[in-house]
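What follows is the residue order along each chain.
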Amino acid sequence: LVAARAGIPVHTHTPTEVKAAITGSGRAEKAQVGAMVARILKLEAPPKPADAADAVALAICHLWRGAGADRIAAAIAKQAAGRTA
C-alpha cells in the first residue's frame, strides 16, 4: 500500500506461479526451488536461509514474467505512438 501510494509499481506473483517459473512445476518443494535458484544464478549452493532462496526466486519470476511483459508492452506502445506522430 505504501509503495503504491508513493507511485512505486507493485506486482504480485502467487507461490505456485513462482515455483512454476523457477522449476517448471507449481508443486515444487522448497529444496527444489533453492536448487534451481542456485543453478540459474550459477551459485555453488542455494541461498541460505530458505526464505532468501524464495525471495530470489520471486525476483527471478518477476523479471521473467512481469518486468519482461511490461517492457514489451511499453515498447509496443512507443512504436504505436511513433506511427501516429
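Please refer to the structure placed before this passage.
All values reported here derive from a predicted model rather than from experimental measurement.

(A) Expanded view of the overall build of the protein chain. Summing up its helical and strand segments, the protein chain has four helices and zero strands in all. Secondary structure elements in the protein chain, listed N-terminal to C-terminal, are α-α-α-α. Relative to the 2.2 N^0.38 estimate, which gives 12 Å for 85 residues, the radius of gyration of the protein chain is 16 Å and therefore markedly larger than a compact globule would have. Principal-axis analysis of the C-alpha atoms gives the protein chain an extent of 50 × 30 × 25 Å.

(B) Quick peek at the environment of A50. Note on placement: A50 falls in helix α4 (residues 50–84). Classification of A50 as partly exposed rests on a relative accessible area of 38%. Through-space distance from the C-alpha of A50 to that of K30 is 7.1 Å; in sequence the pair is 20 residues apart.

(C) Molecular detail of the nonpolar core. The biggest cluster of nonpolar side chains holds nine residues, and these are V18, A21, I22, A28, V33, V37, A57, I60 and C61. Of all elements in the fold, only α2 (15–23), α3 (30–40) and α4 reach the threshold of two or more residues within this core. Those residues in contact with C61, other than ones at most four positions away along the chain, are H13, E17, V18, A21, I22 and G66.

(D) Geometry of the side chain of H13. Relative to the assigned elements, H13 resides in the loop between α1 (2–5) and α2. Engagement of the side chain of H13 in a polar contact is seen with the side chain of E17, the distance being 3.2 Å. Within the structure, the side chain of H13 is placed 3.0 Å from the side chain of H62, a separation counted as a polar contact.

(E) Structural detail: α2. Residues V18, A21 and I22 constitute the buried set of α2. Across the axial projection of α2, the buried residues extend over an arc of 90°, all falling on one side. The positive-phi residue at the C-terminal boundary of α2 is G24, with phi of around 95°.

(F) Representation of the pattern of salt bridges in the model. Evaluated as defined, the whole model comprises three salt bridges. One salt bridge connects D51 with K30, and the closest N-O pair in it is separated by 3.8 Å. Taken together, the positions of D51 in helix α4 and K30 in helix α3 put the pair 21 residues apart, joining distant regions of the chain. Relative accessible area serves as the criterion here: at 56%, D51 is assigned to the exposed category. The partly exposed category is assigned to K30, whose relative accessible area is 47%. Among the charged side chains, a network of salt bridges with common partners joins K30, D51 and D54.

Parameters and conventions
- Residues numbered from 1 in each chain as written.
- Predicted model: local features only at pLDDT ≥ 70, side-chain atom pairs only at ≥ 80, totals over all residues.
- Heavy atoms only, no water.
- Helix = DSSP H or I, 4+ residues; strand = E, 2+ residues; numbered from the N terminus.
- Rg over C-alpha atoms; globule rule 2.2 N^0.38 Å.
- Buried < 20%, exposed > 50% of the residue type's maximum accessible area, 1.4 Å probe, protein only.
- Core = buried A, V, L, I, M, F, W, Y, C linked by side-chain atoms within 4.5 Å.
- Contact = heavy atoms within 4.5 Å.
- Polar contact = N/O pair within 3.5 Å; in protein donor to acceptor, adjacent residues only side chain to side chain.
- Arc of directions from axis to C-beta.
- Salt bridge = Lys/Arg side-chain N within 4 Å of Asp/Glu carboxyl O.

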